[in-house]
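Close look at the chain arrangement
Next come the chains, spelled out residue by residue.
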Amino acid sequence: GGDALADIQTVSAKLKPFERAVTLKVDGITGVAMLLKPGEYIDVYWTGQTSVEISNFLGIKNDGTQNLEKVTMLLLSDVQIMALDNRYNLVPTVARNRIMSVKENYGTITVRCKSYEEAKMLIHAQTSGKLTMTKKGEDQVIAENDEALDLLQMLKLSRRVNALRSKNKEPK
């Protein structure tokens, strides 16, 4: 970690007009096993409970007689990480009573939002469900018209993507 005031001033200086910086809670699962770094891009997914109205809006047919399930959807694509928190938890790896290595964990990431609407959306999503980040490759493609997944759609998608994976399998 560094000087907290210097970190705040650095983040503020990097914001363009109308942009906002939002800090999100992460852990080893939601934060891509602590592999994230400032400057990289992520996609942010939301998982939460829906209502009949929200399910139907998302294209998941529900007339009110089915049980409501959690859904997962892409909330915001191609989001730049501005900073990791500067409160590192040093977690030692001990073998034979000796410290072999020390791993740095962080509990929050600060991301760049292009508008106050994006910031408001992330803030509400964090309080109404679970946010999970996926680290992006070099593509920087913004996902459009991503469909929300309920359990049945997830199982159907699983079959489709696994068939594609086995067809496009790279030799080891």
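Attention in this report is confined to the structure presented alongside it.

Let us look at the environment of M154. In this fold, M154 is placed in helix α4 (residues 151-167). The exposure class assigned to M154 is partly exposed, which follows from its relative accessible area of 41%. Sequence-wise, M154 and T72 are 82 residues apart; in three dimensions their C-alpha atoms are separated by 9.1 Å.

Here the focus is the environment of S55. Structurally, the position occupied by S55 is in helix α2 (residues 52-57). Leave out the neighbours within four places in its chain, and S55 touches T50, I60, N62 and L68.

Moving on, we get to the pattern of salt bridges. Counting across every chain of the model gives 5 salt bridges. Here D43 ties to K136 by a salt bridge, and the two come within 3.6 Å at their closest N and O atoms. Taken together, the residues span a long stretch of sequence, with D43 in strand β2 (residues 41-49) and K136 in the loop between β7 (130-135) and α4 at a distance of 93 residues. For the salt bridge of K136 with D78, the shortest nitrogen-to-oxygen distance reads 3.5 Å. With K136 in the loop between β7 and α4 and D78 in strand β3 (residues 70-84), this pair connects stretches of sequence that are 58 residues apart. On the basis of relative accessible area, K136 is assigned to the buried category, the value being 13%. One network of salt bridges, in which partners are shared, links E19, R112 and K114.

One finds L24, I42, I109, V111, L122 and L131 to be the most contacted residues of the largest nonpolar core, which totals 24 residues. Only β1 (20-25), β2, β3, β6 (108-113), α3 (116-128) and β7 provide two or more residues apiece to this core. With 6 residues, β3 is the largest single contributor of residues to this core. Beyond its immediate stretch of four places on either side in the chain, I42 contacts L36, L76, S77, D78, V79, I81, I109, V111, M133, T134, K135 and K136.

As for its placement among the helices and strands, T110 is situated in strand β6. Residue T110 is classed as buried on the basis of its relative accessible area of 13%. Within the structure, the side chain of T110 is placed 2.9 Å from the side chain of T23, a separation counted as a polar contact.

A cluster of nonpolar side chains, L151, M154 and L155, forms an exposed patch at the surface whose accessible area comes to about 280 Å². Assessed through its relative accessible area of 46%, L151 is described here as partly exposed.

By the secondary structure assignment, S77 is in strand β3. The exposure class of S77 is buried, given its relative accessible area of 14%. Reaching out from S77, the side chain makes a polar contact with the side chain of D43 at a distance of 3.0 Å.

A few words now on α3. With 13 residues, α3 extends 18 Å from end C-alpha to end C-alpha; this agrees with the ideal 18 Å at 1.5 Å per step. The complete set of buried residues in α3 reads A119, L122 and A125. Projected down its long axis, α3 carries its buried residues within an arc of 130°, all on one side. Opposite the buried face of α3, by more than 90 degrees, sit the exposed residues K120, H124 and T127. Check the buried side of α3 and you find it contacts β1, β2, β3, β6 and β7.

Cut-offs used in this document
Per chain, the residues get numbers from 1 upward, laid out in the order the sequence is written. The model is predicted, so local features are restricted to residues of pLDDT at least 70 and side-chain atom pairs to those at 80 or more, both for listing and for counting; the totals for chains, interfaces and linings are taken over all residues. Side-chain figures throughout are based on the complete set of non-hydrogen atoms in the structure, without hydrogens or water. Secondary structure elements are taken from DSSP: a helix is a run of H or I of four residues or more, a strand is a run of E of two residues or more, and numbering for both begins at the N terminus. Accessible area is worked out with a 1.4 Å probe on protein chains only. A residue is then buried under 20% of its type maximum, exposed over 50%, and partly exposed in between. Two residues form a contact once any of their heavy atoms are found within 4.5 Å. By salt bridge we mean one thing: a side-chain nitrogen of Lys or Arg within 4 Å of a carboxyl oxygen of Asp or Glu. Among buried residues, those of type Ala, Val, Leu, Ile, Met, Phe, Trp, Tyr and Cys that are joined through side-chain atoms within 4.5 Å constitute a nonpolar core. Under this definition, polar contacts are N or O atom pairs within 3.5 Å; protein pairs additionally need one hydrogen-donor-capable and one acceptor-capable atom, and for neighbouring residues in sequence, both atoms have to be side-chain atoms. Patches here: salt-bridge-free residues with over 30% relative accessible area, like charges joined within 9 Å, nonpolar side chains (Val, Leu, Ile, Met, Phe, Trp, Tyr) joined within 5 Å. Values of accessible area rely on a 1.4 Å probe in the Shrake-Rupley scheme; residue burial ignores everything except the protein chains shown. To estimate the expected span of a helix, subtract one from its residue number and multiply by 1.5 Å. Think of the arc as the fan of directions from the helix axis to the C-beta atoms.

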